[in-house]
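# Residue-level structure breakdown
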Amino acid sequence: MIAIPDKKKKLNLGFLGVGWIGRNRMQALLNHSPSKATVICEPDSQNAEEAIQNAPDACCVENAEEMYNDTSLDGIVIATPSALHAEQSIAALNAGKAVFCQKPLGRTADEVKEVVAASKTVDKLLTVDLSYRYTKAFQEVYKRLINNEIGEVYAIDLCFHNAYGPDKEWFYDLPRSGGGCVMDLGIHLIDLALWSLGFPEIKEVRSDLYAQGKKLQLFEDKIEDYASISFLTETNININLKCSWHLPAGKDAEIHASFYGTKGGLAFKNVEGSFYDFTAEKYNGTQTEVLVTPPDSWGGRAGVVWVEDILNGKGYDATTAEELIKTATLIDRIYAR
């Protein structure tokens, strides 16, 4: 039997971690979805105070256990340091809560598999904030790809250079972050490429990782700040990824996912170095057709979809689970784990 959503119901959500990204997602959910912030858990008092200004009816708790044990909550939004994601997601799921987690879901494929298993056991929806999928620009590119408008795709170029890099020290500590710019930035574009191709098997991976201009050796316990990676799918589609922190790129950021097919090309690109403004373009030889231009308030859209899915009765999603595992497994291969 298909569940009929209650149009008047609002989900009660807990927010675990309300730094900048956590507050941004909370505000988007409160503004654009039928949900309310019921509980906030954040060790930094300033972050908690800023969050409570946007959710004055929410209560603040000192530890995550109090949030897990709150029977009024329908779901928990997790925006904490990466090392905590898997453990906290499993605890929230085992407590009967749906989970919306920032990437990466886990530092390794094994961690991701454990979270997915918990989601399956309790039949609760697990979603990772792979937010670029939900931009209007990439949605347009994706639609045209699956409609075969550029023919058979044979090559994909991916790029994400961030001229600044993270400002939290844990990002630069391998045990806590699980990886550097690939884990932080490259994961988004890897997801876009694999999603667009239907998550094919990857038969070859070559990765060259650098830290402060020096090439890292296999199993070296350092965080990469520049990566050049090449994949080959089982059908010989060539995928190239470059990503970095602190690169002198002459602009704040360079972000694009370009798809080349036998009948043309498509690209998702940032505009004038922006982290937030994106365009979609279609190429025919030397001709460019602009498909989508800014503005687009996309930041919290993945979370809004998560809320709507829960209200529609959606639980464990086997397709999404397999995608999360495949992406994590590929990232393990990049790091030679």
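Structure: see above.
Here's a quick rundown of the structure. Nothing here was measured: the structure is a model prediction, and the numbers come from that model.

Cut-offs used in this document
Residues numbered from 1 in each chain as written. Predicted model: local features only at pLDDT ≥ 70, side-chain atom pairs only at ≥ 80, totals over all residues. Heavy atoms only, no water. Helix = DSSP H or I, 4+ residues; strand = E, 2+ residues; numbered from the N terminus. Expected span 1.5 Å × (residues − 1). Buried < 20%, exposed > 50% of the residue type's maximum accessible area, 1.4 Å probe, protein only. Contact = heavy atoms within 4.5 Å. Pairing = 2+ DSSP bridges. Right-handed = clockwise from strand over helix to strand, strands pointing away. Arc of directions from axis to C-beta. Polar contact = N/O pair within 3.5 Å; in protein donor to acceptor, adjacent residues only side chain to side chain. Axes fitted to C-alpha atoms, helices over the stretch in contact; angles between N-to-C directions.

Note: most peptide bonds trans; most residues except glycine with negative phi. In the segment running from Lys103 into Pro104, the intervening peptide bond is cis, with an omega of -5°. Residue position: Pro104 is located in the loop between strand 5 (98-101) and helix 5 (109-122). For the bond running from Pro294 to Pro295, omega is 5°, close enough to zero to count as cis. Mapping Pro295 onto the fold places it in the loop between strand 15 (287-292) and helix 9 (301-311).

Turning next to helix 1 (residues 20-32). Given a rise of 1.5 Å per residue, 13 residues ought to cover 18 Å, and the 18 Å separating the end C-alpha atoms of helix 1 matches this to within 8%. Residues of helix 1 that are buried include every one of Gly22, Arg23, Arg25, Met26, Ala28 and Leu29, and no others. Contacts made by the buried residues of helix 1 are with strand 1 (11-16), strand 2 (35-41), helix 2 (45-54), strand 4 (75-78) and helix 9.

Attention shifts here to the pairing of strand 1. Counted residue by residue, strand 1 has six buried out of six residues, so it is predominantly covered. Alignment of strand 1 against strand 2, held across six bridges, turns out to be parallel. Note on strand 2: the bridge partner recorded for Asn12 is Lys36. After leaving strand 1, the chain enters helix 1 and then returns to the sheet as strand 2, a path that is right-handed. Alignment of strand 1 against strand 4, held across four bridges, turns out to be parallel. Bridge pairing links Leu13 to Gly75 in strand 4.

Once that is clear, we can look at helix 2. Along helix 2, the positions that sit buried rather than exposed are Asn47, Ala48 and Ala51. The arc enclosing the buried residues of helix 2, seen along the axis, measures out at 95°, which places them on a common side. Away from its buried face by more than 90 degrees, helix 2 exposes Ser45, Gln46, Glu49 and Gln53. Next to the buried residues of helix 2 lie helix 1 and strand 2. In this structure Asp44 caps helix 2, since a side-chain oxygen of it lies 3.0 Å from the backbone nitrogen of Gln46.

Residues Ala98 and Phe100 line one face of strand 5 and the alternating positions Val99 and Cys101 line the opposite face, and both faces are buried. Handedness of the crossover is the feature at issue here: the chain leaves strand 4, passes through helix 4 (residues 82-94), returns alongside strand 5, and the resulting connection is right-handed. Across three bridges, the pairing between strand 5 and strand 6 (residues 126-128) is parallel. Looking at the pairing, Phe100 lines up with Thr127 of strand 6. In terms of handedness, the path from strand 5 via helix 5 over to strand 6 forms a crossover that is right-handed.

Strand pairing in a sheet is mediated by backbone hydrogen bonds. Such pairs are either parallel or antiparallel. Overall, parallel pairing links the six strands, which are arranged 3-2-1-4-5-6 in an open sheet. In this open sheet, the two edge strands, each paired with only one partner strand, are strand 3 (59-61) and strand 6. Strand-to-strand twist of the sheet, defined as the mean angle between neighbouring strand axes without regard to direction, takes the value 25°. Sheet strands touched by helix 1: strand 1, strand 2 and strand 4. Its angle to strand 2, the strand with the most contacts, is close to 155°.

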